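Topology and contacts: notes
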Amino acid sequence: MGPIPLYILLLVTVLTVVVAVTTEESRVDDQYSWPQWKVPLVRKRRTVPLSSPNFSAHPQQELSGTCGIECQRHLPSPSLNDLEQFLSYETVYENGTRTYTSISVHGLNEVTMWSKNTSSSSRHKRELYGTDTRFTIADKQYSTKYPFSTSVKISTGCSGVLVSPKHVLTAAHCIHDGKDYLDGVQKLRVSNGLTADYDYAVLELKRAPKVNYMDIGVIPSIKKLPAGRIHFSGFDDDRPGNLVYRFCSVSEESKDLLYQYCDAKPGSSGSGVYIRLKEPGKKKWKRKIIGVFSGHQWVDVNGDGMQQDYNVAVRITPLKYAQICYWVHGDSSECQVA
């Protein structure tokens, strides 16, 4: 074989560089893209009537008794039966009647393993951390536009976020104190869970407002994202009549909880926690809800009964996504991929 022409060597060199650059760009794109999750199916097993609530509960400023991230590490993994009990739910209708629905979960073993607990040494107490970093969105030019227009003020004193034309995602403790429903909830149709790690509820509106909603998403780790920031907007009590926006980094996360030090005040509980990533295979960026801000909680951090206070958000896992999606659509076949 004779000498290889110089132009061929140049082409091979250029091709190698292009392939290397393309591979690196693909890896970076994957970091900034929404992952695709196969979601288990949540199906109704049985619905039974319950006695009507009294609607006599009062709003809770703080929650206590939550098993924190370190505490959760010492707990055994829940069985399928445990998960089905956690995900069974109550529904309160506009006429004041109430039902309890038990569910079954299918395809759980097919779901990719969820992230394990990770932790960091930095922790911060709730409220404001030095300089107040919240932004008041007072100008209607901005508050009525996406994504701020998805925020909803709930009559019980909390916040929420539109996740469909007629459904609002919020914190369960905003409508139930663990014993009874709050006064004012009788005007809403509610589906909710009642445990701390499942502190979320969906409200069904009579009429769809003429604004965009935000989709729900699932992300395995917030801290591993390039920026690692979360965002949420709510109606903090100390700025009445105004929407308040903030963003911050996550200091610690588990498969069910996020500890973060976003500046917040009562009234912001129930806000939708969101991030912004690229849609797979596209250059378009999209915001999605990946958690619900639960608010100020007294947390049993080490499992020894000692309570510490932190800002806590409940994460949306593939299983929680399946349940919320089922509440919204009423058909689990529409909820197989997150």
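Structure report, in brief. (Residues numbered from 1 in each chain as written. Predicted model: local features only at pLDDT ≥ 70, side-chain atom pairs only at ≥ 80, totals over all residues. Heavy atoms only, no water.)

1. A closer look at the nonpolar core
L87, L169, Y200, I289, I316, Y321 and I324 are the most contacted members of the largest nonpolar core, which totals 45 residues. Those elements that provide at least two residues to this core are α3 (80–87), β4 (98–106), β7 (159–164), β12 (243–253), β13 (257–260), β15 (285–300), β16 (307–315) and α5 (318–329). Broken down by element, the residue count for this core peaks at eight residues, all from α5. Those residues in contact with I289 that sit more than four places away from it in its chain are V161, L169, M214, D215, I216, G217, G272, V273, Y274 and I316. One finds C248, A264, I275 and A313 within the second-largest nonpolar core, a separate group that totals 17 residues. (Core = buried A, V, L, I, M, F, W, Y, C linked by side-chain atoms within 4.5 Å. Buried < 20%, exposed > 50% of the residue type's maximum accessible area, 1.4 Å probe, protein only. Helix = DSSP H or I, 4+ residues; strand = E, 2+ residues; numbered from the N terminus. Contact = heavy atoms within 4.5 Å.)

2. Remarks on the pattern of salt bridges
Opposite charge on two side chains makes pairing possible when the charged atoms of those side chains draw close. This structure, assessed with the given rule, holds 12 salt bridges. Notably, a salt bridge pairs E90 with R98, separated by 3.3 Å at the nearest N-O pair. Accessibility expressed as a relative area gives 12% for E90, which makes it buried. Residue class for R98 comes out buried when judged on its relative accessible area of 16%. Put simply, R134 and D132 hold a salt bridge, and the shortest N to O gap is 2.8 Å. Overall, the relative accessible area of 29% leaves D132 in the partly exposed class. Each of D132, R134, D236, D238, R239 and R246 takes part in one network of salt bridges that share partners. (Salt bridge = Lys/Arg side-chain N within 4 Å of Asp/Glu carboxyl O.)

3. Details of the environment of V105
Topologically, V105 is positioned in strand β4. Given a relative accessible area of 7%, V105 falls into the buried group. When the C-alpha positions of V105 and E84 are compared, they lie 6.5 Å apart, and in sequence the two are 21 residues distant. Apart from residues no more than four positions distant in its own chain, V105 is found in contact with P40, L41, L80, E84, L87 and L319.

4. Focus: the pairing of β7
Of all six residues in β7, six are buried; the element is thus mostly enclosed. Joining the antiparallel neighbours β7 and strand β8 (residues 167–170) is a turn of two residues. (Pairing = 2+ DSSP bridges.)

5. Some remarks on the packing of aromatic side chains
The way to describe two aromatic rings as a pair is by their centre distance and the angle between their planes. Inspection of the entire model under this criterion finds 11 aromatic pairs. Ring centres of F135 and Y245 lie 6.0 Å apart, and the angle between their planes is 35 degrees; on these two criteria the pair is classed as tilted. Of this pair, F135 sits in strand β5 (residues 135–137) while Y245 sits in strand β12; the two residues are 110 residues apart in sequence, bridging distant segments of the chain. Taken together, the aromatic side chains of F86, Y89, Y198, Y200 and W327 make up a single cluster linked through ring pairs. Sitting over the ring of W34, K288 keeps its end group 5.1 Å from the ring centre. Between K320 and the ring centre of Y198, over which it is positioned, the NZ or CZ distance is 5.0 Å. (Phe/Tyr/Trp six-rings, centres within 6.5 Å; stacked < 30°, edge-to-face > 60°. Lys NZ or Arg CZ within 6 Å of the ring centre and 35° of its normal.)

6. Quick word on the state of the cysteines
Using the criterion set out here, one finds three disulfides in the structure. At a sulfur-sulfur separation of 2.0 Å, the disulfide partner of C248 is C262. Judged by the sign of its S-S torsion, about -95 degrees, the cystine formed by C248 and C262 is left-handed. Here C248 is found in strand β12, whereas its partner C262 is found in the loop between β13 and β14 (272–278), with 14 residues between them in sequence. No difference in accessibility class separates C248 from C262, as the two residues are buried. (Disulfide = S-S within 2.5 Å.)

7. Considering the side chain of D197
Looking at the secondary structure, you find D197 in the loop between β9 (189–192) and β10 (201–204). Of the side chains with opposite charge, K255 comes closest to the buried, unpaired D197, at an N-O distance of 6.3 Å. Setting aside residues no more than four positions away along its own chain, D197 makes contact with C67, Q72, D256, L257, V314 and K320. (Lys, Arg positive; Asp, Glu negative; His and termini not counted.)

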